[in-house]
Amino acid sequence: QVQLVESGGGLVQPGGSLRLSCAASGDTLDRHAVAWFRQAPGKERERVSCITVSDENTLYANSVKGRFTISRDSAKNTVYLQMNALKPEDTAVYYCAADFFCSLAPDFHSWGQGTQVTVST
């Protein structure tokens, strides 16, 4: 039921930063675990981060740990992904997804349309 819209992607140089937003409607995002996935052409969709219901835990893929931070703004019904120290291998379409649990598999109930992140010189 919850509908998600990502924004904030773009082109950045290696070492740069971006802040992705996942805005929700149709339901309260705080009732959901929210994940960020990414997918590059020819590669499997990969979970890069997830925040559990009530912010009990935040989870990160090893490849982004220490560089990415997931957070909520309940008043805006929005989840963010702050991405720092970006690398070319971070280039992908980034999707937010909502479910009741944080799963590694891309089987979340609701998905956004994706936003392109390109890290290149």
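Above this text is the structure in question.
The structure reproduced in this document is the subject of the present report. Residue numbers run consecutively from 1 along every chain, following the written order of its sequence. Where local features are concerned, this predicted model is filtered to residues with pLDDT of at least 70; where side-chain atom pairs are given and counted, the filter is 80 or more; whole-chain, interface and lining totals use all residues. Note that the side-chain values use all heavy atoms of the structure and ignore hydrogens as well as water.

1. Regarding the pattern of salt bridges
Part 1: Should a side-chain nitrogen of Lys or Arg be within 4 Å of a carboxyl oxygen of Asp or Glu, the pair is scored as a salt bridge. A full pass over the atoms with the stated rule returns 5 salt bridges.
Part 2: Here arginine 38 ties to aspartate 90 by a salt bridge, and the two come within 2.8 Å at their closest N and O atoms. In this pair, arginine 38 is assigned in strand 4 (residues 33-39) and aspartate 90 in the loop between strand 8 (78-83) and strand 9 (92-99), connecting sequence segments 52 residues apart.
Part 3: Since its relative accessible area comes to 7%, arginine 38 is described here as buried.
Part 4: Only protein chains enter the calculation, and the probe is 1.4 Å; a residue is then buried if its accessible area is under 20% of its type maximum, exposed if over 50%, and partly exposed in between. For aspartate 90, a relative accessible area of 1% puts it in the buried group.
Part 5: We note a salt bridge from arginine 67 to aspartate 90, for which the minimum N-O separation is 2.8 Å. Taken together, the residues arginine 67 in the loop between strand 6 (58-60) and strand 7 (68-73) and aspartate 90 in the loop between strand 8 and strand 9 connect sequence positions 23 residues apart. Helix and strand labels come from DSSP, where a helix needs a run of H or I of at least four residues and a strand needs a run of E of at least two; each type is numbered from the N terminus.

2. Side note on the nonpolar core
Part 1: Leu4, Leu29, Trp36, Leu81, Met83 and Tyr94 are the most contacted members of the largest nonpolar core, which has 27 residues in total.
Part 2: Broken down by secondary-structure element, the contributors of at least two residues to this core are strand 3 (18-25), strand 4, strand 5 (46-51), strand 7, strand 8, strand 9 and strand 11 (115-119).
Part 3: In this structure, Ala35, Phe37, Cys50 and Phe108 belong to the second largest nonpolar core, which totals 6 residues. The definition of a nonpolar core used throughout is a set of buried Ala, Val, Leu, Ile, Met, Phe, Trp, Tyr and Cys residues joined through side-chain atoms within 4.5 Å.

Read these as geometric descriptors, not functional statements.
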